[in-house]
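# Notes for the structure review
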Amino acid sequence: MQLIGVIGGGTMGAGIAEVCAKAGSDVLVLETKPEFAEAASSRIAASISRGAAKGRITQQEADAAIARVRVTLNIEEFADRDFVIEAAPEIEALKYEIFGTLDRIVKPSGILATNTSSIPVIKVAGATDRPEQVVGVHFFNPVPVMPLVEIICTLVTAPETAAAVTAYARNTLRKTTVRAGDRSGFIVNALLIPYLTSAIRMLESGYATADDIDAAMKGGCGYPMGPLTLLDTVGLDVALAASESLYAEFAEQHYAPPVLLRRMVDAGRLGRKTGRGFYDYSL
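As a starting point, this report considers the structure included with it. Worth saying up front: this structure is predicted, and the values here are computed from it rather than measured.

## Looking at the sheet that holds strand E6 (residues 134-139)
- Read across the sheet, eight strands follow the order E3-E2-E1-E4-E5-E6-E7-E8 without closing on themselves; strand pairing throughout is mixed. At either margin of the open sheet sits one strand with a lone partner, and together these are strand E3 (69-72) and strand E8 (176-181). Across this sheet, the average inter-strand angle for adjacent strands is 25 degrees, counted without regard to direction.
- In this structure, strand E5 (residues 111-114) lies alongside E6, joined through three bridges in parallel fashion. Paired with Ala113 across the two strands is Val135, which belongs to E6.

Here is the structure:
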């Protein structure tokens, strides 16, 4: 797989495009508006350039990687892609629409993947006439730094599809891969979301402050960051979508979104990306 497509040039999509380009792939990124396309191009180029400035790659390698990425507004250009990774917002209806369109456009041999963090993959596969060529490929933020990729196979994903995607993630992108069943949350979020929502409920109840909750989990459990800082980094809207998906799937109370999480999303306090979440990043 050499010709890679990425649907969405936001934080996750840009990170996926970056790691694919640095690995030598030809990368085409889809955005919906000219200003979004320009922002995606700048985001990818800036991140690759920072890697060169820190000595992780040479300037020549950075320039070559940047040249391998192109952002388009026209989804029809994805017809020749070998492997397309959808990194759109966690909205089921939007993903169904995207996969239906990709199924019509992308060549018959092309593999389609979703980077969803919580939506069962079979739901988006059902929007296509090639469900055996649809797989979940869940990267983690920030993609250039985090080593893990979850590979999620549905009940109808072909073994050849899973093998090809796993080989690309492991051998080309040099990521660590794990195989997960097609249940909401997969491995990481199924275990992580109850931990994060418990931290929010602890703060919500006045049991402890945000600073003390984070300090306790860092100092007491050896975590690199506390749960509330992690939520701000991931994005509270992303966490809410994952929590809602898990609760809808399993109807277990520890997956239910806390009221405070809903109100913060309603208020636009989504974490680092908006400058305010559980902490203030605007200063």
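Moving on from the model shown.
## Describing the pairing of E6
- Taken across its six residues, E6 has six buried, putting it largely inside the fold.
- Inspection of the sheet shows E6 paired to strand E7 (residues 148-153) by four bridges, in the antiparallel sense. In the strand pairing of E7, Val137 is matched with Ile151.

## Considering the environment of His254
- Tracing the backbone through its elements, the reader meets His254 in the loop between helix H10 (236-250) and helix H11 (259-266).
- Here His254 falls in the partly exposed class, since its relative accessible area comes to 36%.
- For the pair His254 and Pro194, spaced 60 residues apart in sequence, the C-alpha separation works out to 5.4 Å.
- Residue contacts for His254: discarding those within four places in its chain leaves Pro194, Thr197 and Arg201.

## Some thoughts on the nonpolar core
- Judged by nonpolar contacts, the single largest core of 35 residues is most densely connected at Phe83 and Val137.
- Among the elements that line this core, the one with the most residues is helix H1 (residues 11-22), at six residues.
- Ignoring any residue separated from it by four or fewer positions in sequence, one finds Phe83 in contact with Met1, Leu3, Ile4, Gly5, Ile111, Ala113, Val137, Val165 and Tyr168.
- Core analysis: the next-biggest nonpolar cluster, separate from the first, contains 20 residues, Leu28, Leu112, Val134 and Ile152 among them.

## Here we look at the pairing of strand E2 (residues 26-30)
- The buried fraction of E2 is high, at four of five residues.
- Note that strand E1 (residues 3-7) and E2 share five bridges and pair parallel. By the bridge assignment, Val6 is partnered in E2 with Val29.
- In this structure, E2 lies alongside E3, joined through four bridges in parallel fashion. Following the sheet pairing, Val29 is matched in E3 by Val71.

About the criteria used
Residues numbered from 1 in each chain as written. Predicted model: local features only at pLDDT ≥ 70, side-chain atom pairs only at ≥ 80, totals over all residues. Heavy atoms only, no water. Pairing = 2+ DSSP bridges. Helix = DSSP H or I, 4+ residues; strand = E, 2+ residues; numbered from the N terminus. Axes fitted to C-alpha atoms, helices over the stretch in contact; angles between N-to-C directions. Buried < 20%, exposed > 50% of the residue type's maximum accessible area, 1.4 Å probe, protein only. Contact = heavy atoms within 4.5 Å. Core = buried A, V, L, I, M, F, W, Y, C linked by side-chain atoms within 4.5 Å.

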